[in-house]
Amino acid sequence: MAAEDDLTADLVVDRLGGHAAVVLRLDPGRMREDLSVVGRLDRNRWNTRLCQGDRSVVLDGGCAVYWRKPTRPEAHPGADERWRAHENTTALLGLLKAARLRVWVDDPTVVAAVRSKPAQLAAAARVGFTVPDTLLTSDPDAVRTFVAAHRDRVVVKAQTQRHTTFIPTTRLRASDNQAAIAGTVHYLQALVEDRAFDARVTVVGDRVFAAAIAHDELDCRDAPVDHHEAITAPGHIARACVEHVRDLGLAYSALDFVVDRRGVWHYLETNVVGEFGAIETYTGLPISAAIARLLVHGPTTPPEPARM
């Protein structure tokens, strides 16, 4: 379940190849007439079949779902299109949730519950990650105190990128206008000292793929995408990453770290539907193959319900 122009999802579909009996690639937010959906409630149980051309899938224990980034209904320009997309997305998600699927990668209702930074940071601390000192506040005085305590070594981040242009991670200093904080809750963190490199750790089931990202930018999203190198994460970090993703109730996530020159890994955030296409392209890490394997064979250990 992904947008039609999602090249990252295409990687997974390509890797599925002949390993899955039937593969249906569809976008519930932009559903076409060639897809037929029939769900029937029979004796307190839903029986659902999806058909597309000569291919059909029954939603049962042999079915796996890769739900990535379908077209958002609100992305359509017309009211009728938005309504139709909402109806289709709501119905398909409901039928999938009612089925006894073998594996979700990942259930979007769980994803929605664990996107919030407070939940992620608390979960990260539970598994023993080093988490930078963090403040969420709309109080200018609290910001001034925080910035002073960290000797002007503070960054401010956007919690979402919705309804705006891209907002990068930005330095915040005592000389800045702190009064502008009032009225909006801002997300502040202590800046990690002596950064050696950034790291992206992608977890697929119980497998861990780590990449170092070397750059001189404050925000790695501003860095050239080809400065990636496959590395081996320390054992305790790899184990904690798997535990953290399971703790969130997920099978897949991409975790961001800053690694300092002492070798300490500082946790930043969990991208619950994080991109991996560039990482795989520039490092050769077989992330899409691991996702395909998870979809075909299921998890070795089912994810636990999310703990908030």
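For the structure itself, look to the data block above.
Residues numbered from 1 in each chain as written. Predicted model: local features only at pLDDT ≥ 70, side-chain atom pairs only at ≥ 80, totals over all residues. Heavy atoms only, no water.

Visitor: So what's going on with the pattern of salt bridges? Residues and values would help.
Guide: Counting across every chain of the model gives 17 salt bridges. Across the salt bridge formed by Asp-141 and Arg-144, the nearest N and O atoms sit 2.6 Å from each other. A residue pair is termed a helical-turn pair when its members lie 3 or 4 positions apart in one helix, as Asp-141 and Arg-144 do in helix α5 (residues 140–149) at three residues. With a closest N to O distance of 3.0 Å, Arg-262 and Asp-260 form a salt bridge. Salt bridges sharing partners connect three or more residues here, namely Asp-6, Arg-68, Lys-69 and Glu-275. (Salt bridge = Lys/Arg side-chain N within 4 Å of Asp/Glu carboxyl O. Helix = DSSP H or I, 4+ residues; strand = E, 2+ residues; numbered from the N terminus.)

Visitor: Kindly report on helix α1 (residues 7–16), identifying the contributing residues and their values.
Guide: Looking at α1, one finds that the buried residues are Thr-8, Ala-9, Val-12 and Leu-16. Taken end-on, α1 shows its buried residues confined to a sector of 100°, consistent with a single buried face. Of the exposed residues in α1, the ones pointing more than 90 degrees away from its buried face are Leu-7 and Asp-14. Where α1 is buried, its residues touch β4 (64–66), α7 (277–283) and α8 (287–297). Measuring from the backbone nitrogen of Thr-8 back to the side-chain oxygen at the start of α1 gives 3.0 Å, which picks out Asp-6 as the cap. (Buried < 20%, exposed > 50% of the residue type's maximum accessible area, 1.4 Å probe, protein only. Arc of directions from axis to C-beta. Contact = heavy atoms within 4.5 Å. Polar contact = N/O pair within 3.5 Å; in protein donor to acceptor, adjacent residues only side chain to side chain.)

Visitor: Break down the nonpolar core for me, with residues and values.
Guide: Residues Phe-129, Cys-241, Leu-255, Phe-257 and Trp-265 are the most contacted members of the largest nonpolar core, which totals 27 residues. Elements with a contribution of two residues or more to this core: α3 (108–114), α4 (117–126), β10 (195–204), α6 (235–247), β13 (252–260) and β14 (265–271). Apart from residues no more than four positions distant in its own chain, Leu-255 is found in contact with Phe-129, Ala-199, Arg-200, Val-201, Val-203, Cys-241, His-244, Val-245, Tyr-267, Glu-269 and Thr-270. Residues Ala-211, Tyr-252, Ile-291 and Leu-295 belong to the second largest nonpolar core, which totals 22 residues. (Core = buried A, V, L, I, M, F, W, Y, C linked by side-chain atoms within 4.5 Å.)

Visitor: Go over the pairing of strand β2 (residues 45–52) with me, naming the residues and quoting the values.
Guide: Pairing of strand β1 (residues 35–42) with β2, which is carried by eight bridges, proceeds in the antiparallel orientation. Counterpart to Ser-36 in the pairing with β2 is Cys-51. Linkage of β1 to β2, two consecutive antiparallel strands, is achieved through a turn of two residues, within which Arg-43 is found at a positive phi near 55°. In this structure, β2 lies alongside strand β3 (residues 55–58), joined through four bridges in antiparallel fashion. Opposite Leu-50, over in β3, you have Val-57 as the bridge partner. (Pairing = 2+ DSSP bridges.)

Visitor: Lay out the state of the cysteines in plain terms, naming residues and giving numbers.
Guide: The full count for this structure, using the stated rule, is zero disulfides. Cys-51 supplies the cysteine sulfur nearest to Cys-63, a cysteine that is in no disulfide, at a spacing of 12 Å. (Disulfide = S-S within 2.5 Å.)

Visitor: Which residues make up the sheet that holds β10, and what values do they have?
Guide: Taking strand neighbours across the sheet as the criterion, the five strands line up as β12-β11-β10-β13-β14 in an open arrangement whose pairing is antiparallel. Looking at strand neighbours, the two that pair on one side only are β12 (228–231) and β14, the edges of this open sheet. Averaged over all pairs of adjacent strands, the angle between their axes in this sheet comes to 25°, without regard to strand direction. Pairing of strand β11 (residues 207–213) with β12 involves four bridges; the strand directions are antiparallel. Considered in β12, the bridge of Ile-213 is made with His-228. Running over the sheet, α8 touches β10, β11 and β13 and is turned about 25° from β10. (Axes fitted to C-alpha atoms, helices over the stretch in contact; angles between N-to-C directions.)

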